[in-house]
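Here is how the chains run, residue by residue.
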Amino acid sequence: QVQLVESGGGLVQAGGSLRLSCVASGFPFSNYAMRWYRQTPGKERALVATIVGTDVSTNYADSVKGRLTIYRDNAKNTVYLQMNSLKPEETAVYYCNTWDSRGNYWGQGNQVTVSS
């Protein structure tokens, strides 16, 4: 079955950097687009970044453009989110996601805390 296992979250000071990783299994990874979402308490899960499987084109929420970068290594079945110049308001649980005709698939979530 589809599995998405995330790692790399933690505590960082404002202006610092973190890299999240998501290792995928159970589906042909290189054929699937991948996304990163984040969620804070009381709010809906928000899309942060998308990367397409084939031509690796990317798309970002306006609030993260120029600071966060999504990329993938299809040989390792892994998608990454490099986060630079982090802000306290970006403290959230970050989720890896993919989808197909059967539905959405989510990682377990990874806490990122940005201290001011």
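Everything quoted here is computed from the prediction, not taken from an experiment. (Residues numbered from 1 in each chain as written. Predicted model: local features only at pLDDT ≥ 70, side-chain atom pairs only at ≥ 80, totals over all residues. Heavy atoms only, no water.)

Peer 1: Requested: an account of the side chain of Arg72, with residues and values cited.
Peer 2: As for its placement among the helices and strands, Arg72 is situated in strand E7 (residues 68-73). Look at Arg72 and you get buried, because its relative accessible area is 11%. Only 2.7 Å separates the side chain of Arg72 from the backbone oxygen of Phe29, close enough to count as a polar contact. The contacts of Arg72, once residues within four sequence positions are left out, are Phe29, Ser30, Tyr32, Ala33, Met34, Ile51, Val52, Gly53, Val56, Thr78 and Val79. (Helix = DSSP H or I, 4+ residues; strand = E, 2+ residues; numbered from the N terminus. Buried < 20%, exposed > 50% of the residue type's maximum accessible area, 1.4 Å probe, protein only. Polar contact = N/O pair within 3.5 Å; in protein donor to acceptor, adjacent residues only side chain to side chain. Contact = heavy atoms within 4.5 Å.)

Peer 1: Residue-level account of the state of the cysteines, with values.
Peer 2: Summed over all chains, the structure comprises 1 disulfide. There is a disulfide in this structure between Cys22 and Cys96, and the S-S distance comes to 2.1 Å. Disulfide Cys22-Cys96: the torsion about the S-S bond is -75°, which places it as left-handed. Here Cys96 lies in strand E9 (residues 92-100) and Cys22 lies in strand E3 (residues 18-25), a separation of 74 residues in the sequence. Residue Cys96 is classed as buried on the basis of its relative accessible area, which comes to 0%. (Disulfide = S-S within 2.5 Å.)

Peer 1: Which residues make up unusual backbone geometry, and what values go with them?
Peer 2: Located in the positive-phi region is Asn77, a residue other than glycine, with phi close to 50°. Along the chain, Asn77 falls in the loop between E7 and strand E8 (78-83). Taking the relative accessible area as the measure of exposure, Asn77 reaches 26% and is therefore partly exposed. Residues other than glycine seldom take positive phi values, yet Ser85 does so here, at roughly 50°. Looking at where Ser85 falls in the secondary structure, it is placed in the loop between E8 and E9.

Peer 1: I'd love a proper account of the environment of Arg38, names of residues and values included.
Peer 2: Mapped onto the fold, Arg38 is located in strand E4 (residues 34-39). Assessed through its relative accessible area of 16%, Arg38 is described here as buried. Between the C-alpha atom of Arg38 and that of Val5, which follows or precedes it by 33 residues, the distance is 15 Å. The residues contacting Arg38, other than those within four sequence positions of it, are Glu44, Arg45, Ala46, Val48, Ser63, Val64, Leu68, Glu90, Ala92, Val93 and Tyr94. Within polar-contact distance, the side chain of Arg38 engages the side chain of Tyr94 at 3.1 Å.

Peer 1: Help me get a handle on the pairing of strand E1 (residues 3-7), residues and values and all.
Peer 2: Only one face of E1 is buried, namely the one carrying Leu4 and Glu6, since none of Gln3, Val5 and Ser7 on the opposite face is buried. Here E1 runs beside E3; their pairing, made up of 5 bridges, is antiparallel. When the bridges of E3 are listed, Val5 appears paired with Val23. (Pairing = 2+ DSSP bridges.)

Purely geometric numbers; function is a separate question.
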